[in-house]
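# Close look at the chain arrangement
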Amino acid sequence: MTKEFKRNSGRKPEEMRTPIKAEVGIIPNADGSAMFQVGKTIAYASVFGPKKMHPQHLQNPAKGTLRCTYNMLSFSVNDRIRPGPSRRSTEISKITEWALEPVLMIDNYPNMVIDVHINIIQADAGTRCAGINAAAMALAHAGIPMKSIVSSVAAGKLDKTLVLDLDKYEDSEYDEGEGSTDIPMTFTPDGRLTHIQVDGKITGKQLKEAVELARKAAKEIYEVQKKALKEIGEE
Ligand code: CDP
């Protein structure tokens with residue numbers, strides 16, 4: 001008999017962290033805002049705009065600009081993080097723009113910019129996914145025309161076992177066998193990928209399985225986001 005794979009947290013391989021929470025309209029000063037939490041990871045997103053792009057030379061007459069700024073607050077992890085931009089935050093800001101752009105009707109806003117500020121209040125891995133989930137809701141809340149929102153989650157591999165939604169220990173410290181692979185992904189509600197990254201090693205066959213696992217989980221996340229948007233719409 002093969003021994004059942006045990007995760008440090010006691011979760012099953014295909015189990016996401018809990019709680020999964022979403023709330024829309026949490027920052028009154030913003031044109032749109034939302035919070036997304038999965039386990040101990042919490043992201044806040046606020047949208048400002050569309051507004052005229054300044055300085056003028058950055059204006060694009062063909063379409064609007066989505067500008068995302070991802071920031072992990074200094075107290076979001078146990079070792080204090082030095083405030084200000086880093087290579088990592090610049091990369092995640094870009095990735096967030098790419099994950100959101102396919103659903104955004106940005107052509108409607110020539111010479112304008114839509115600013116999305118993502119702040120990670122608590123970080124226990126999966127912060128880019130949580131940030132994307134919060135940003136998608138905040139953009140919808142701001143009334144920016146979108147084909148749909150998007151939902152983001154990571155799948156991955158611990159040694160040889162495929163798992164969903166890696167936590168910090170699994171992402172950074174797990175070192176048994178083949179170690180860990182983290183694959184953050186973003187989906188439209190009809191299951192199309194708008195973003196995928198692969199951090200670690202995985203075979204083509206397992207990658208396909210990981211995408212399927214995440215696609216199913218993204219649908220669950222979408223339901224939570226949809227409910228939060230509906231609740232604010234009813235207020
Ligand atoms: O957060 P995400 O998984 O999207 O990105 P990562 O770069 O793979 O980071 C994984 C986790 O490492 C973060 O969520 C934080 O918990 C932690 N981290 C940290 O403690 N200090 C940093 N400077 C960067 C990340």
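What counts as what
- Residues numbered from 1 in each chain as written.
- Predicted model: local features only at pLDDT ≥ 70, side-chain atom pairs only at ≥ 80, totals over all residues.
- Heavy atoms only, no water.
- Helix = DSSP H or I, 4+ residues; strand = E, 2+ residues; numbered from the N terminus.
- Expected span 1.5 Å × (residues − 1).
- Buried < 20%, exposed > 50% of the residue type's maximum accessible area, 1.4 Å probe, protein only.
- Contact = heavy atoms within 4.5 Å.
- Disulfide = S-S within 2.5 Å.
- Polar contact = N/O pair within 3.5 Å; in protein donor to acceptor, adjacent residues only side chain to side chain.
- Near = heavy atom within 4 Å.
- Nonpolar A, V, L, I, M, F, W, Y, C, P; charged D, E, K, R; others polar.
- Salt bridge = Lys/Arg side-chain N within 4 Å of Asp/Glu carboxyl O.

This part takes up helix 1 (residues 87–100). If you check helix 1, its first and last C-alpha atoms are 20 Å apart, about what 14 residues at 1.5 Å a residue would give, namely 20 Å. Buried within helix 1 are the following residues: Ser89, Ile92, Ser93, Ile95, Thr96, Glu97, Ala99 and Leu100. Buried residues belonging to helix 1 abut strand 4 (65–72), strand 5 (112–122), helix 2 (127–141), strand 8 (180–187) and strand 9 (193–196).

This brings us to the state of the cysteines. The final tally for this structure, using the stated rule, is zero disulfides. Free cysteine Cys68: the closest other cysteine sulfur is in Cys129, separated by 14 Å. The exposure class of Cys68 is buried, given its relative accessible area of 5%. Given the relative accessible area of 5%, Cys129 is considered buried.

Now for unusual backbone geometry. Between Thr18 and Pro19 the backbone carries a cis peptide bond, its omega angle lying at -5°. A cis amide bond links Gly49 with the next residue in sequence, Pro50, at an omega value of 5°. Its location among the elements puts Pro50 in strand 3 (residues 41–52). Of note in the backbone geometry, Asn111 takes a positive phi value of approximately 65° without being a glycine. Positionally, Asn111 belongs in the loop between helix 1 and strand 5. Although it is not a glycine, Asp159 sits at a positive phi angle of roughly 50°. Residue position: Asp159 is located in the loop between strand 6 (151–158) and strand 7 (161–164).

Let's shift gears to the side chain of Thr188. You can see Thr188 is positioned in the loop between strand 8 and strand 9. For Thr188, a relative accessible area of 12% gives the class buried. A distance of 2.5 Å separates polar atoms of two side chains, one belonging to Thr188 and the other to Asp190. The residues contacting Thr188, other than those within four sequence positions of it, are Val103, Ser148, Ile149, Val150 and Thr194.

Our focus in this paragraph is the site of the ligand. As a structural note, the neighbourhood of the ligand is formed by Met72, Val77, Ile81, Arg88, Ala123, Asp124, Ala125, Gly126, Thr127, Arg128, Lys168 and Asp171. Within the contact set of the ligand, an oxygen atom lies 2.7 Å away from a side-chain nitrogen or oxygen of Arg88. For the shell around the ligand, the elements supplying multiple residues, two or more each, are helix 2 and helix 3 (168–173). Among the residues making up the shell around the ligand, the classes are represented as five nonpolar, two polar and five charged.

A few words now on the pattern of salt bridges. Taken as a whole and judged by the stated rule, the model has 18 salt bridges. Ionic pairing is found between Asp165 and Arg17, a salt bridge with its closest N-O pair at 2.9 Å. Of this pair, Asp165 sits in the loop between strand 7 and helix 3 while Arg17 sits in the segment before strand 1 (20–24), placing them 148 residues apart in sequence. When sorted by exposure, Asp165 lands in the same class as Arg17, which is buried. Linking Glu97 and Lys94 is a salt bridge whose minimum nitrogen-to-oxygen distance equals 2.6 Å. Placement of both Glu97 and Lys94 in helix 1 is noted, with a separation of three residues, approximately one turn of the helix. Judged by its relative accessible area of 8%, Glu97 falls in the buried class. One network of salt bridges, in which partners are shared, links Arg7, Arg11, Arg17, Asp124, Asp165, Asp167 and Glu170.

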